[in-house]
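What follows is the residue order along each chain.
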Amino acid sequence: MARKPSISPSKITTYLACPVKYRYTYVDDRARWLLRAKSYYSFGTTLHRVLQRFHDSGDAGVTTTAEVMAAYEESWIDAGFSSAEEMAEAYGEGKQILERHVAETLARPEAAKTILVERQLRRDFGDFVLIGRLDRVDEYEDGTLEVVDYKSGRESVSEEDVSSDIAMCCYQLLLREKFPDRPVRARILALRSAESATHAMSDTEIEEFERDIAVLARMILSENFYERKPVRKPICEYCDFLPACQQDPDY
């Protein structure tokens with residue numbers, strides 16, 4: 001039996017930003033060689049890996065500040081930095097972020113326990129599957145489940161940011177599927193400032209989002225991307241695939 005096509009928050013956001021970029025990223029990989037290492041991706045991936053280990057109750061080796069710092073050094077990704085100085089500055093900033101996060105976590109009363117870290121959840125829509133990888137899920141004493149998503153590039157975050165974030169909506173939909181009897185909410189944590197915001201989707205919002213995501217997913221999966229022509233957008237300036245698009249005479 002053929003595997004069902006899958007849709008994820010990253011696929012959806014890429015398509016909405018630029019269908020041609022979606023083609024080069026997920027459909028036609030002939031331009032994948034244009035992809036370059038990004039310092040912000042290396043930085044964020046490193047922090048995610050360390051935080052995963054710190055919050056994983058099954059990982060007894062990363063529970064103190066010293067152990068977190070050791071894990072940070074082991075996990076550090078040095079790709080994409082323009083100079084040794086830039087990398088050293090980023091490394092120092094990451095160290096401060098993790099030290100503060102560990103101190104604040106250990107100082108808080110045990111109001112919640114982490115039950116999932118870096119877990120992929122799936123929702124079958126019949127002709128496709130929605131998948132999402134959740135950074136962390138905390139369980140509170142009243143039974144509420146909270147999806148926590150780390151943002152290494154953000155300084156601030158608001159409730160509106162959470163409520164309008166496609167990934168956070170997908171994560172709530174997926175978590176409700178797995179735990180239908182539990183209240184669910186989502187929290188974005190801006191690692192650079194330790195600022196966070198939460199939002200819980202209502203039943204009506206969940207139902208509307210489920211319908212919308214099904215329509216959008218089927219539109220993406222049925223599209224003929226080879227008929228798509230590149231369209232100039234502000235994001236083109238920062239896109240790795242710009243050289244490929246510039247080969248099109250209509251660009």
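First, a word on what this report is: a plain description of the structure on this page.

About the criteria used
- Within every chain, residues take consecutive numbers counted from 1 along the sequence as written.
- Reporting in this predicted model follows two pLDDT cut-offs: at least 70 for local features of residues, and 80 or more for side-chain atom pairs to be given and counted; totals over whole chains, interfaces and linings ignore these cut-offs and use all residues.
- Hydrogen atoms and water are omitted, and side-chain values are computed over all heavy atoms in the structure.
- Between buried and exposed lies partly exposed: a residue is buried under 20% and exposed over 50% of the maximum accessible area for its type, with that area taken using a 1.4 Å probe on protein chains only.
- Numbering goes from the N terminus for both helices and strands, where a helix is a DSSP run of H or I of at least four residues and a strand is a run of E of at least two.
- The criterion for strand pairing is that DSSP finds at least two bridges linking the strands in question.
- Throughout, a residue-residue contact means that at least one pair of heavy atoms, one from each residue, lies within 4.5 Å.
- What counts as a salt bridge is simple: a side-chain nitrogen of Lys or Arg found within 4 Å of a carboxyl oxygen of Asp or Glu.
- Pairs of N or O atoms are called polar contacts if they sit within 3.5 Å, as long as, within protein, a hydrogen donor faces a hydrogen acceptor (for residues adjacent in sequence, only side-chain-to-side-chain pairs).
- A helix is expected to span 1.5 Å for every residue after the first.
- Axes, fitted as lines to C-alpha atoms, cover a helix only where it is in contact. Angles between the N-to-C directions of the axes lie from 0 to 180 degrees.
- When describing relative orientation, an angle under 35 degrees is termed roughly parallel and one over 145 degrees roughly antiparallel, while 65 to 115 degrees is termed roughly perpendicular and anything else oblique.
- We call a crossing left-handed when the near helix sits turned anticlockwise from the far one by less than a right angle, and right-handed when that turn is clockwise.
- In the scheme used here, Gly and all other residues not listed as nonpolar or charged are polar, with Ala, Val, Leu, Ile, Met, Phe, Trp, Tyr, Cys and Pro taken as nonpolar and Asp, Glu, Lys and Arg as charged.
- Regarding the arc, it is the one traced by the directions from the helix axis to the C-beta atoms.
- Buried Ala, Val, Leu, Ile, Met, Phe, Trp, Tyr and Cys residues form a nonpolar core when they are joined through side-chain atoms within 4.5 Å.

## Regarding the pairing of strand S3 (residues 129-140)
Then, in step 1: Within S3, 10 of the 12 residues are buried, leaving the element largely enclosed by the surrounding structure.
Then, in step 2: Summarising the sheet, strand S1 (residues 6-7) and S3 pair through two bridges and their orientation is parallel. The partner of Ser6 across the bridge, within S3, is Val129.
Then, in step 3: When strand S2 (residues 112-124) meets S3, the two strands line up antiparallel, connected through 11 bridges. The residue bridging Asp124 from the neighbouring strand is Val129, located in S3.

## Concerning the environment of Ala190
Then, in step 1: Of note, Ala190 is situated in strand S5 (residues 184-190).
Then, in step 2: With 55 residues separating them along the chain, Ala190 and Asp135 place their C-alpha atoms 13 Å apart.
Then, in step 3: Among residues more than four places away in sequence, those in contact with Ala190 are Lys151, Arg154, Glu155, Ser156 and Glu195.

## Notes on the pattern of salt bridges
Then, in step 1: Counting across every chain of the model gives 20 salt bridges.
Then, in step 2: Glu177 is paired through a salt bridge with Arg123; the nearest N and O atoms lie 3.3 Å apart. Separated by 54 residues along the polypeptide, Glu177 in helix H7 (residues 166-178) and Arg123 in strand S2 bring together distant segments of the chain.
Then, in step 3: Overall, the relative accessible area of 42% leaves Glu177 in the partly exposed class.
Then, in step 4: A residue is classified by how much of its surface remains accessible, and Arg123, at 14% relative accessible area, is buried.
Then, in step 5: If you follow the salt bridges from partner to partner, you end up with Arg36, Lys38 and Asp240 in one network.

## Quick notes on the environment of Ser163
Then, in step 1: Note on placement: Ser163 falls in helix H6 (residues 159-163).
Then, in step 2: Ser163 sits in the partly exposed class, given a relative accessible area of 30%.
Then, in step 3: Separated by 28 residues in the primary sequence, Ser163 and Leu191 have C-alpha atoms spaced 19 Å apart.
Then, in step 4: Among residues more than four places away in sequence, those in contact with Ser163 are Cys169 and His199.
Then, in step 5: A polar contact is formed between the side chain of Ser163 and the backbone oxygen of Glu160, at a distance of 3.0 Å.

## As for helix H8 (residues 203-222)
Then, in step 1: Taking 1.5 Å as the rise per residue, H8 with 20 residues should run 28 Å; its terminal C-alpha atoms sit 29 Å apart, in good agreement.
Then, in step 2: Of the residues making up H8, those classed as buried are Ile206, Phe209, Ile213, Ala214, Leu216, Ala217 and Ile220.

## Examining the packing of helix H1 (residues 9-17) against H8
Geometrically, a packed helix pair is captured by the angle between its two axes and the distance between the axes.
Then, in step 1: H8 packs onto H1 with a crossing angle of 70 degrees between their chain directions and a minimal axis gap of 11 Å. Between H1 and H8, the crossing angle belongs to the class labelled roughly perpendicular. The way H1 lies across H8 gives a crossing that is left-handed. Between H1 and H8, the contacting residues are Ile12, Tyr15 and Leu16 on the first element and Ile213, Leu216, Met219 and Ile220 on the second.
Then, in step 2: Taken together, the residues of the contact of H1 with H8 break down into seven nonpolar, no polar and no charged.

## What to know about the pairing of strand S4 (residues 145-151)
Then, in step 1: Taken across its seven residues, S4 has six buried, putting it largely inside the fold.
Then, in step 2: Taken together, the four bridges between S3 and S4 define a ladder with antiparallel strand orientation. Within S4, the position partnered with Val137 by the bridge is Val147.
Then, in step 3: Linking S3 back to S4 in an antiparallel pair, the connection comprises four residues, with Gly143 at a positive phi of about 95 degrees.
Then, in step 4: Relative to S5, S4 is paired through seven bridges, and the arrangement is parallel. In the sheet register, Val147 faces S5, and the bridge partner there is Ala186.

## Topic: helix H4 (residues 65-75)
Residues lying three or four places apart along an α-helix face the same way, a consequence of the helix completing one turn every 3.6 residues.
Then, in step 1: Restricting attention to buried positions, one finds in H4 the residues Val68, Met69, Ala71, Tyr72 and Ser75. Summarising the axial view, the buried residues of H4 lie within an arc of 160 degrees, below the 170-degree limit, and thus occupy one face. Opposite the buried face of H4, at more than 90 degrees from it, the exposed residues are Ala66, Glu73 and Glu74.
Then, in step 2: Where the residues of H4 are buried, they touch helix H3 (39-55) and helix H5 (84-107).

## So, the nonpolar core
Then, in step 1: Grouped together as the largest cluster of nonpolar side chains are 36 residues, with contacts concentrated most on Ile7, Leu175 and Ile220.
Then, in step 2: Secondary-structure elements contributing two or more residues to this core are H1, S2, S3, S4, H7, S5 and H8.
Then, in step 3: Here this core takes eight residues from H7, the largest share from any one element.
Then, in step 4: Filtering out sequence-adjacent residues up to four positions away, Ile220 remains in contact with Ile7, Ile12, Tyr15, Tyr22 and Phe225.
Then, in step 5: Counting residues in each nonpolar core, the second largest holds 20 residues, with Trp76, Ala90, Val148 and Leu191 among its members.

None of the figures reported here should be taken as evidence of function without further support.
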